[in-house]
Amino acid sequence: MSAVVDTPIASMPRTEPLAVPHVIKGRLLTGRDVLHRSRDLGQGFVTPALDLDDAVWLRNAPGPAFETPIAQIIDFLVELGTRLTLANPLMRESLEGMVQVSTLDRRILTNCYNDMGHMFTREVLEAEITQSVGPLAAIDGWQPTNHLGLPTRLRAYPGRIVHIMAGNSPMVAGLSVMRGALSKGVNLLKMASNDLFTPTAILRTMAGIDPDHPVTRSFSAVYWKGGDASVESVLFRPQYFDKLVAWGGESAIRHALKYVGPGFELIAFDPKVSASMIGREAFHDGASLADVARRGAADALSFDQDACNASRYQFVEGTAEQVESYAKLLAQALGNDVRYGAGQGAPTPPDIREAVDMLRHLEPIYGVYGSYDGRGLVVRSDEPVDFHPNGKTVNVVQVDRLGDALKHITVATQTVGVWPPARKRDVRDALACAGVQRIVTLGEVNGLGGVGGKPHDAGFPIHRFMRWISEEGVEA
């Protein structure tokens, strides 16, 4: 089975497209057979033709790492992590490619690459296994147990997984490789057009350590245009894969659902919106308020507000005058240089600018602070605005008490940052009931959320990646 994706080069305008390689089961594959266009910036790029036979692992044999002891896999990943910095020429090459297809600022991308190795430390890797599966040995073969008096052997069996990647952060690639390797399965990474380089840079780095290592041979990374039925109707079948791990927007998730059926399961990391809840304690004095505004800005600017954990709505408990003072300080803080948010990004999107221009006519019901130049924009209101805050835009909503914010929290809310930390205890059960998946102290959304044994989207990914098999009865 084979497929040519997108548009043959001969029919496209003559440009100088980026060369995007594939990695097939640890082997580098180059070629300029098919030309595509990136989603966000319209950048042309060329890939090898996609041979679907090469993209699958047949079920007549276990995957390369199915029987590899987890200790050996962790040792390999720890070594990989030491090389996932910009001291690695493959990562530098990836960075230069990324700046041509990603909307993220170069400085944000640089920080991502230099921070990626942190998720491959031994402490993080071991926590991922023990929190998801149990003791490390529990992932190595059949484990004896006793279920209601019946002798039973239980195995967390490696899965066969297609990953539909998101490109809003290079960290997604690192996270997918780490989880896929720890679960010992075979993994086909479908690259996003706004991250065409990080997955292959990581896999090529693995091959540089040991091209024949079982983990190296357990990964492929390829590109096809999302939604191409000539590819997906062939690959998304239970005779080849057990699970489809899909990152992406509502349309991508709904598209993936049509392939789900017996033996082929969807694990969705779907889009979320995050918020902040700020108590009146923030107004203790000027220094405290300035610090809270800096924390609120840091959470709002997570990956230049392109990440699900970026705070778009901030519910502030206080009087109208107090909330206005916070909104003004927040607008200033958004323009400052923070780790994962550019000091000055792209100008405010036209649709948001148009909506905000209308709200300016309704002052003082609404307050608008900041500018449209990409340094940050804050809209103050008594109810959440009816547009989606984006492009470094934050909606500050005045509430009389933090509990009033709960009516605006839904299952689509991923992370809520709370200030002061002591108030988390007051709201955590109500937030969990409303559907929130992660509660942090304001200013800390960019911690190791979903990594190091922490849940991701209300579940433990490695536990979900495995197939849990029982063998029951007395052994002969």
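The structure under discussion appears in the preceding block.
Every chain begins its residue count from 1, and numbering advances along the sequence as written. Since the coordinates come from a predicted model, pLDDT governs what is reported: local features require at least 70, and pairs of side-chain atoms require 80 or more to be given and counted, while whole-chain, interface and lining totals use all residues. Computation of side-chain values covers all heavy atoms of the structure but excludes hydrogens and water.

A. Representation of the overall build of the protein chain in the model. When helices and strands are tallied, the protein chain shows 13 helices and 21 strands. Out of the 476 residues belonging to the protein chain, those deemed buried represent 54%. Contact between two residues is taken to exist if any of their heavy atoms lie within 4.5 Å; hydrogens are not considered. Long-range pairs, those at least 24 residues apart, make up 74% of the contacts in the protein chain between residues at least 6 apart in sequence. Methods summary: accessible areas were calculated by the Shrake-Rupley approach with a probe of 1.4 Å, and residue burial reflects only the protein chains presented. With an accessible surface of roughly 19700 Å², the protein chain has 53% of that area assigned to carbon and sulfur atoms. When charges are tallied, Lys and Arg are placed among the positive residues and Asp and Glu among the negative ones, while His and the ends of the chain are skipped. Where a charge lies is defined by one atom per residue type, namely NZ (Lys), CZ (Arg), CG (Asp) and CD (Glu). Charge-centre separation for the protein chain: the mean point of 47 positive side chains lies 2 Å from the mean point of 54 negative side chains. Secondary structure elements follow DSSP: runs of H or I of four or more residues count as helices, runs of E of two or more count as strands, with numbering from the N terminus. With a 1.4 Å probe rolled over the protein chains alone, any residue whose accessible area is under 20% of its type maximum counts as buried; one over 50% counts as exposed, and the rest are partly exposed.

B. The arrangement of the pairing of strand 6 (residues 44-47) in detail. Side-chain alternation along strand 6 places G44 and V46 on one buried face and F45 and T47 on a second face that is also buried. Strands pair, by our definition, only if DSSP identifies at least two bridges between them. In this antiparallel pair of consecutive strands, strand 5 (residues 34-37) and strand 6, the connection spans six residues, and G42 shows a positive phi of 70°.

C. Spatial organisation of the packing of helix 2 (residues 89-98) against helix 6 (residues 198-209). Axes here mean lines fitted to C-alpha atoms, for a helix over just the part in contact, with angles spanning 0 to 180 degrees between N-to-C directions. Closest axis-to-axis distance for the helix 2/helix 6 pair is 9 Å, and the angle between their directions is 170°. Of the possible angle classes, the one that applies to helix 2 and helix 6 is roughly antiparallel. Residues L90, M91, E93, S94 and M98 of helix 2 lie in contact with helix 6, whose contacting residues are T198, A201, R204 and T205. Amino acids outside the nonpolar list (Ala, Val, Leu, Ile, Met, Phe, Trp, Tyr, Cys, Pro) and the charged list (Asp, Glu, Lys, Arg) are all regarded as polar, and Gly is one of them. Class assignment for the residues of the contact of helix 2 with helix 6 results in four nonpolar, three polar and two charged. Between 65 and 115 degrees an angle is taken as roughly perpendicular, under 35 as roughly parallel, over 145 as roughly antiparallel, and anywhere else as oblique.

D. Region of the structure containing the sheet that holds strand 8 (residues 150-157). Taken together, three strands build an open sheet; the order of strands is 7-8-21 and the sheet is antiparallel. Either end of the sheet is taken by a strand with one partner, and the two such strands are strand 7 (143-147) and strand 21 (467-472). Strand-to-strand, the axes of this sheet are offset by a mean angle of 35°, without reference to chain direction. Where strand 8 and strand 21 come together, six bridges link them in antiparallel fashion.

E. Highlighting helix 3 (residues 106-115). Those residues of helix 3 that sit buried are I108, L109, N111, C112, Y113 and D115. In this structure, the buried side of helix 3 is in contact with helix 2, helix 5 (171-182) and helix 6. Pairs of N or O atoms are called polar contacts if they sit within 3.5 Å, as long as, within protein, a hydrogen donor faces a hydrogen acceptor (for residues adjacent in sequence, only side-chain-to-side-chain pairs). The residue sitting at the N-terminus of helix 3 and contributing the capping side-chain oxygen is D105; that oxygen lies 2.9 Å from the backbone nitrogen of R107.

F. Focus on the pattern of salt bridges. In the sections that follow, a salt bridge refers to a side-chain nitrogen of Lys or Arg positioned within 4 Å of a carboxyl oxygen of Asp or Glu. Applying the stated criterion to the full structure yields 22 salt bridges. Put simply, R280 and E317 hold a salt bridge, and the shortest N to O gap is 3.7 Å. Of this pair, R280 sits in the loop between strand 14 (273-278) and helix 9 (286-300) while E317 sits in strand 15 (residues 311-317), and the two are 37 residues apart along the sequence. The class of E317 is buried, set by a relative accessible area of 4%. Its salt-bridge partner being R360, residue D357 comes within 3.8 Å of it at the nearest N-O pair.

G. Region of the structure containing the packing of helix 2 against helix 3. Contact pair helix 2 / helix 3: the axes reach a minimum separation of 10 Å and the direction vectors enclose 150°. Here helix 2 is positioned roughly antiparallel relative to helix 3, judged by the angle of their axes. Here helix 2 runs over helix 3; the crossing is right-handed. Together, M91, S94, L95, E96 and M98 of helix 2 and R106, L109, T110 and Y113 of helix 3 make up the contact between the two elements. In the contact of helix 2 with helix 3, the residues fall into five nonpolar, two polar and two charged. Left-handed describes a crossing whose near helix is turned anticlockwise from the far helix through less than a right angle; right-handed describes the clockwise counterpart.

H. Spotlight on the nonpolar core. Here, the term nonpolar core denotes a set of buried Ala, Val, Leu, Ile, Met, Phe, Trp, Tyr and Cys residues that are joined through side-chain atoms within 4.5 Å. L77, L182 and M206 are the most contacted members of the largest nonpolar core, which totals 65 residues. Ignoring anything within four residues of it in the chain, the contact list for L182 reads I70, I74, L77, L125, E128, I129, I139 and I462. In terms of nonpolar packing, the next biggest core, distinct from the first, is built from 26 residues, L188, L244, F264 and L266 among them.

I. Looking closely at the environment of I462. For I462, the location among the structural elements is in helix 13 (residues 461-465). I462 sits 355 residues away from R107 along the chain, and the two C-alpha atoms are 31 Å apart. Every residue in contact with I462, bar those within four places of it in the chain, is listed here: E128, I129, S132, V133, R179, L182 and S183.

J. Quick peek at the sheet that holds strand 15. In spatial order, the strands read 16-17-18-15-14-19-20; together these seven strands make up an open sheet with mixed pairing. At either margin of the open sheet sits one strand with a lone partner, and together these are strand 16 (367-370) and strand 20 (438-441). The average angle at which neighbouring strand axes cross in this sheet is 20°, direction not considered. As judged from the five bridges shared by strand 15 and strand 18 (residues 393-399), these two strands associate in the parallel manner. What sits directly across from Y313, in strand 18, is N395.

K. Expanded view of the packing of aromatic side chains. Under the pairing criterion, centres of Phe, Tyr and Trp rings, with the six-membered ring standing for Trp, must be within 6.5 Å; the plane angle then separates stacked pairs below 30 degrees from edge-to-face pairs above 60, leaving the rest tilted. Scanning all chains against the criterion turns up six aromatic pairs. A ring pair is formed by F45 and Y223, whose centres lie 5.0 Å apart and whose planes are at 80°; its orientation type is edge-to-face. With a gap of 178 residues between them, F45 in strand 6 and Y223 in the loop between strand 11 (219-222) and helix 7 (229-235) connect regions that are remote in the sequence. A relative accessible area of 5% places Y223 in the buried class. Seen from their ring centres, F236 and Y259 are 5.2 Å apart, and the 85° between their planes marks the pair as edge-to-face. Of the two residues, F236 sits in the loop between helix 7 and strand 12 (243-247) while Y259 sits in the loop between helix 8 (250-257) and strand 13 (265-269), which places them 23 residues apart along the sequence. Through successive ring pairs, a cluster of aromatic residues spans W224, F236, Y259 and F264.

L. Looking closely at the environment of L109. Its location among the elements puts L109 in helix 3. Note: C-alpha distance between L109 and L95 (14 residues apart in sequence) is 6.9 Å. If we ignore the near neighbours within four places in the chain, the residues touching L109 are L95, M98, V99, S102, L104 and P170.

M. Representation of empty space enclosed by the protein within the structure. Points on a 1 Å grid, built from protein atoms alone, make a cavity when a 1.4 Å probe fits but cannot get out and make a pocket when they are open with protein on both sides within 12 Å along at least 5 of 7 lines; residues with an atom within 4 Å of a point are the lining residues. Grid points are joined across faces, edges and corners, and a volume is the space filled by probe spheres set on the points. Per the stated rule, a full pass over the model turns up two cavities of 30 Å³ or more. Volume-wise, the largest cavity comes out at about 40 Å³. In this structure, the largest cavity is lined by P21, L90, E93, S94, F197, T200, A201 and R204. Residue assignment for the lining of the largest cavity shows that the elements contributing at least two residues are helix 2 and helix 6. Here the lining of the largest cavity is composed, by residue class, of four nonpolar, two polar and two charged. Considering only enclosed or pocket space, the second largest cavity measures out at about 30 Å³ in volume. Lining the second largest cavity are H163, S176, R179, V245, W247, F269 and F465. The set of elements that each furnish at least two residues to the lining of the second largest cavity consists of helix 5 and strand 12. Its residues placed into classes, the lining of the second largest cavity shows four nonpolar, two polar and one charged.

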